[in-house]
Amino acid sequence: MSTMLLNHKLDRAFGHMDVDGSGSIEREDLLGLGARILVGFGESPTSPAGHRLAQGFEGIWRTLAAEIDADGDGAISSEEFRAGMTSAFIEGDHFDAVFAPAAEAVAGLCDTDGDGAVGPEEFWTMMAAFGTAREDVRATFERLDGDGDGVVSVGELVEATRQFYTSADPEVAGNWLFGPL
């Protein structure tokens, strides 16, 4: 069950990152995903928050290209992605060095008023960039808002990202990061 869950989450993540729908992830795909997030929040890529996000996504690409692009063609297939992500992020310890900075940058961008929390509308804006269906966003937000206070803290959002990419536990809230599985 846990392998099926992890593979399902990795396949969903691959779909998010394959922005142009070509069947492979290239650098432009990841930067395009970052651009969609920036546009959603009306943020310039040259602002401090925009720069952090762009650097985070560039860091993800560099690691994916170096460790996952097995044939070195500059494009990561779904098979390379699944195998490499499992090796580097699920079995390995690359999340903190690679994905955490990007997750923190995205979560920080979502916290538009700087209060350390992401409200439902801010969350919707982020989810729209990832292509999450509007009808799934409310259920996802409620699942991530574990204490029911109507907001998801920036820290909770980063932890949900960690859980989505690394956890085999079917009960963690982070499995819902991009909607129900």
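Our subject is the structure listed above.
Residues numbered from 1 in each chain as written. Predicted model: local features only at pLDDT ≥ 70, side-chain atom pairs only at ≥ 80, totals over all residues. Heavy atoms only, no water.

Next up on the list: the packing of helix 1 (residues 2-17) against helix 8 (residues 154-166). At a minimum axis separation of 8 Å, helix 1 and helix 8 run at an interaxial angle of 115°. The angle between the axes of helix 1 and helix 8 places the two elements in the roughly perpendicular class. Along the contact surface, helix 1 presents Leu6, Lys9, Arg12, Ala13 and Met17, while helix 8 presents Gln163, Phe164, Tyr165 and Thr166. (Axes fitted to C-alpha atoms, helices over the stretch in contact; angles between N-to-C directions. Helix = DSSP H or I, 4+ residues; strand = E, 2+ residues; numbered from the N terminus. Parallel < 35°, antiparallel > 145°, perpendicular 65-115°, else oblique. Contact = heavy atoms within 4.5 Å.)

So, on to the pattern of salt bridges. If charged atoms from side chains of opposite charge come close, those side chains can pair. According to the stated counting rule, one finds four salt bridges in the structure shown. Residues Glu58 and Arg27 are paired through a salt bridge, measuring 2.8 Å at the closest nitrogen-oxygen approach. Taken together, the residues span a long stretch of sequence, with Glu58 in helix 3 (residues 48-67) and Arg27 in helix 2 (residues 27-40) at a distance of 31 residues. Residue classification places Glu58 among the buried positions, given a relative accessible area of 16%. Via salt bridges that share partners, Asp96, Glu159 and Arg162 belong to a single interconnected network. (Salt bridge = Lys/Arg side-chain N within 4 Å of Asp/Glu carboxyl O. Buried < 20%, exposed > 50% of the residue type's maximum accessible area, 1.4 Å probe, protein only.)

This paragraph deals with the packing of aromatic side chains. Going through the model one piece at a time under the given rule, you end up with seven aromatic pairs. When the ring of Phe164 is compared with that of Phe178, the centres are 5.0 Å apart and the planes differ by 90°; the resulting orientation is edge-to-face. Pair noted here: Phe164 is in helix 8 and Phe178 is in the segment after helix 8, with a separation of 14 residues, a long-range link. Like Phe178, Phe164 is buried. Taken together, the ring pairs in this structure connect Phe95, Phe99, Phe130, Phe164, Tyr165 and Phe178 into an aromatic cluster. The ring of Phe164 carries Lys9 above its face, with NZ or CZ at 5.8 Å from the centroid. (Phe/Tyr/Trp six-rings, centres within 6.5 Å; stacked < 30°, edge-to-face > 60°. Lys NZ or Arg CZ within 6 Å of the ring centre and 35° of its normal.)

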